[in-house]
Amino acid sequence: MKPFYITTTIPYVNAEAHIGHALEFVRADIIARSKRLSGYEVFFNTGTDEHGIKVFKIAEQLGLEPQVYVDQISIKFREIMPLLGISDDVNFIRTTDAHHIKAAQEFWNIVKKNGYIYKKDYSIKYCIGCELEKTDSELVDGHCPLHPNQDIEIVKEENYFFKFSAFQRQLLELYSSHPKLVIPGSRLNEIRAFVERGLEDFSISRLKSKMPWGVHVPDDDQHVMYVWFDALVNYISAIGWPDDVIQEKEAPGSFKKWWIESGGVVQYCGKDNLRQQSAMWQAMLMAAGLTQSQTIIIDGFVTGEGGIKMSKSLGNAVDPLEIVREYGADVFRYYVARELSPFEDSPFTVDKFKEAYNAHLANGLGNLVSRVMKMATANGIALYEGDKSRSDFSSTDEGVAAIKGYGEGFNGFDLQSASNVIWSLISKADSIIQERQPFKKIKTDRAEAERDILELLGRLEFIAKSLLPIMPETARKIIELIRKNEMPASPLFARK
RNA sequence: CGCGGGGUAGAGUAACGGUAGCUCGUCAGGCUCAUAACCUGAAGAUUGCCGGUUCGAUUCCGGCCCCCGCAACCA
């Protein structure tokens, strides 16, 4: 079986999971499931990023050891997975895992040995009020917005730096030779323009005296790693690197299989992560002598009504778990796949969600299942005689075209166009019932009506099978009903 | 002249050189197998503004206005 490796970015655990995380988990899972169904062996990775000053401070405020805090919050993220219908075999990496820490240090050693790590003075902008360093973008008029009356202190410290600037040409070559590296193409243009403007080396360590919660820099007990050389390495530590490379100890789930033979990792990330994933991380891989990622899919953001940023203070934030609690994982997955733009920002409101649920799941899919199964069961017309199907939609011209459109959607990671194929088949089936009226015909022309109903069952089965990656539980339920020739005990999606 | 994305019917979006499509909502008709569901039809858009290229522009080019994100260590 051909291997396929897909990963999400791993969320930082300074806050609980929000809808953007849920969206990314679900999208990656839909791709993972579809690959599995088309015969790939899949490694699906997600997890949590747990080091850094913010986590350290939060733990301090809560009066907890950092490790205790991250244990608590990491498990919350892990527990979300089954609630979203994420595949059971998803790998969940934590940057505090012993193996990951070892891998991050080994990665550092290799890059250093290759001459891409050096030390220099670094000016940190520090807010005394927050006791935190600040980035320019966090400052308003040169002051911390939380402490506008205090001056920002410039603290100089010696940090390790990564020679990002050395990779400008190689990165540009990579973008030219791999036009599908970043999806959608507009994001590739964006990152290319960024790299063309010139790269600055970036700092990859912090003084341990100020930031104790991090991976120790090898051979220097004054420093811990700053986020990049820690968190980004998870994509390879998750698949066993460096064991089978360094020690030539080939383990199952090895780096060679998942990173090399698969053709590289497919990564999902939000648009705020474009730079980190498609430039910084790729350069780090080059520096370590490793091959590049295969594809980086850039998600848009979920916004509130009218494209306004979602935030708790604005009161327009939607909690994915509340949605899942009320509607179930499959409905949320449907919404992510079909109602949100695959690559651009799209609004998510409870009203819109409910509207889509009623229109396309209750009235659409759910209602179709009821009407088809009613005609089949009431008249004793089953699709299967033993194991033999009496109507196979996939071999019809229409079926072949549907498979093509659906496949193209998935190949381009365009879940929306893939699911549109399914919903146009649902709509078509509704029209067929209306036009041919098998429910009426059954009284006058049984043979003809039976043919119609069998065709509808075949279509419904095709719809259900196509739905497996997106709405796995629902799809299985429908397939089961068809096999047993039964009505659903209660409506699949009750109107709300 | 920092970078990128966008402005299309009441709402959300698609098309990207050839009569502006889809979904929701609205209105009218039909059907009764179905979850007051389904089917058909209608109304509703001078495709942000101005100019250019073209036989023809929502689609290409130039200018302007407005919105959003990013602007380097914010996951």
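Note that this is a predicted model, so its numbers are computed, not measured. (Residues numbered from 1 in each chain as written. Chains lettered and ligands numbered in written order. Predicted model: local features only at pLDDT ≥ 70, side-chain atom pairs only at ≥ 80, totals over all residues. Heavy atoms only, no water.)

1. Here's the deal with unusual backbone geometry
In step 1: The amide bond that connects I183 to the next residue, P184, takes the cis arrangement and shows omega of 0 degrees.
In step 2: Relative to the helices and strands, P184 is located in the loop between strand 7 (182-183) and helix 6 (185-196).
In step 3: The peptide bond linking W241 to P242 adopts the cis configuration, its omega dihedral lying at 5 degrees.
In step 4: Within the secondary structure layout, P242 lies in the loop between helix 8 (234-237) and helix 9 (243-246).
In step 5: One non-glycine residue, D219, lies in positive phi territory at about 60 degrees. (Helix = DSSP H or I, 4+ residues; strand = E, 2+ residues; numbered from the N terminus.)

2. Some words on the protein's contact with RNA strand B
In step 1: Residues in contact with RNA strand B amount to 44 residues; listed here are only the nearest, Y226, V227, W228, N367 and R371.
In step 2: For RNA strand B, the fraction of protein-proximal atoms (within 4 Å) that sit in sugar or phosphate groups is 66%.
In step 3: Contacts to RNA strand B include G366, whose backbone N or O atom sits 3.0 Å from a base oxygen.
In step 4: Residue composition of the surface near RNA strand B, grouped by class: 17 nonpolar, 13 polar and 14 charged. (Near = heavy atom within 4 Å. Polar contact = N/O pair within 3.5 Å; in protein donor to acceptor, adjacent residues only side chain to side chain. Nonpolar A, V, L, I, M, F, W, Y, C, P; charged D, E, K, R; others polar.)

3. Regarding the environment of L84
In step 1: Mapped onto the secondary structure, L84 falls in the loop between helix 3 (66-83) and strand 3 (91-94).
In step 2: When its relative accessible area of 0% is taken as the criterion, L84 is described as buried.
In step 3: Through-space distance from the C-alpha of L84 to that of D29 is 9.5 Å; in sequence the pair is 55 residues apart.
In step 4: In this structure L84 touches A22, F25, V26, V324, A329, F332 and R333, once residues within four positions along its chain are discounted. (Buried < 20%, exposed > 50% of the residue type's maximum accessible area, 1.4 Å probe, protein only. Contact = heavy atoms within 4.5 Å.)

4. Comments concerning the sheet that holds strand 7
In step 1: With respect to topology, six strands assemble into an open sheet ordered 3-2-1-11-12-7, the strand pairing being parallel. Of all strands in the sheet, those with a lone pairing partner are strand 3 and strand 7, marking the two edges.
In step 2: In this structure, strand 7 lies alongside strand 12 (residues 295-299), joined through two bridges in parallel fashion. Bridging across to strand 12, I183 finds its partner in I297. (Pairing = 2+ DSSP bridges.)

5. Here we look at the packing of helix 12 (residues 320-327) against helix 13 (residues 329-339)
In step 1: One can describe the packing of helix 12 onto helix 13 by two numbers: an axis separation of 7 Å at closest approach and a directional angle of 120 degrees. It follows from the interaxial angle that helix 12 and helix 13 lie oblique. On helix 13, the residues touching P320, I323, V324 and Y327 of helix 12 are A329, V331 and F332.
In step 2: For the contact of helix 12 with helix 13, a count of residues per class yields seven nonpolar, no polar and no charged. (Axes fitted to C-alpha atoms, helices over the stretch in contact; angles between N-to-C directions. Parallel < 35°, antiparallel > 145°, perpendicular 65-115°, else oblique.)

6. Looking at the domain arrangement of chain A
In step 1: Per the domain assignment, the segments of chain A are domain 1 (3-299) and domain 2 (328-484).
In step 2: Facing 24 residues of domain 1, the contacting portion of domain 2 comprises 20 residues.
In step 3: Both faces considered, domain 1 and domain 2 share a buried interface measuring about 1,900 Å² in area, 70% of it formed by carbon and sulfur atoms.
In step 4: For the pair domain 1 and domain 2, the number of links is two salt bridges.
In step 5: One salt bridge in this structure joins K271 and D345, with 3.0 Å as the shortest N-O distance. (Domains from an automatic or database assignment. Buried area = accessible area lost by both parts, 1.4 Å probe. Salt bridge = Lys/Arg side-chain N within 4 Å of Asp/Glu carboxyl O.)

7. So, the pairing of strand 11 (residues 266-270)
In step 1: Burial of strand 11 is extensive: five of the five residues sit out of reach of the surface.
In step 2: Neither face of strand 11 is open: one carries V266, Y268 and G270, the other Q267 and C269, and all of them are buried.
In step 3: Alignment of strand 1 (residues 3-7) against strand 11, held across two bridges, turns out to be parallel. Counted as the bridge partner of I6 is V266 from strand 11.
In step 4: Pairing analysis gives five bridges linking strand 11 to strand 12, with the strands arranged parallel. Bridge pairing links Q267 to I296 in strand 12.
In step 5: Between strand 11 and its parallel partner strand 12, the chain crosses via helix 11 (residues 274-287), and the hand of that crossover is right-handed. (Right-handed = clockwise from strand over helix to strand, strands pointing away.)

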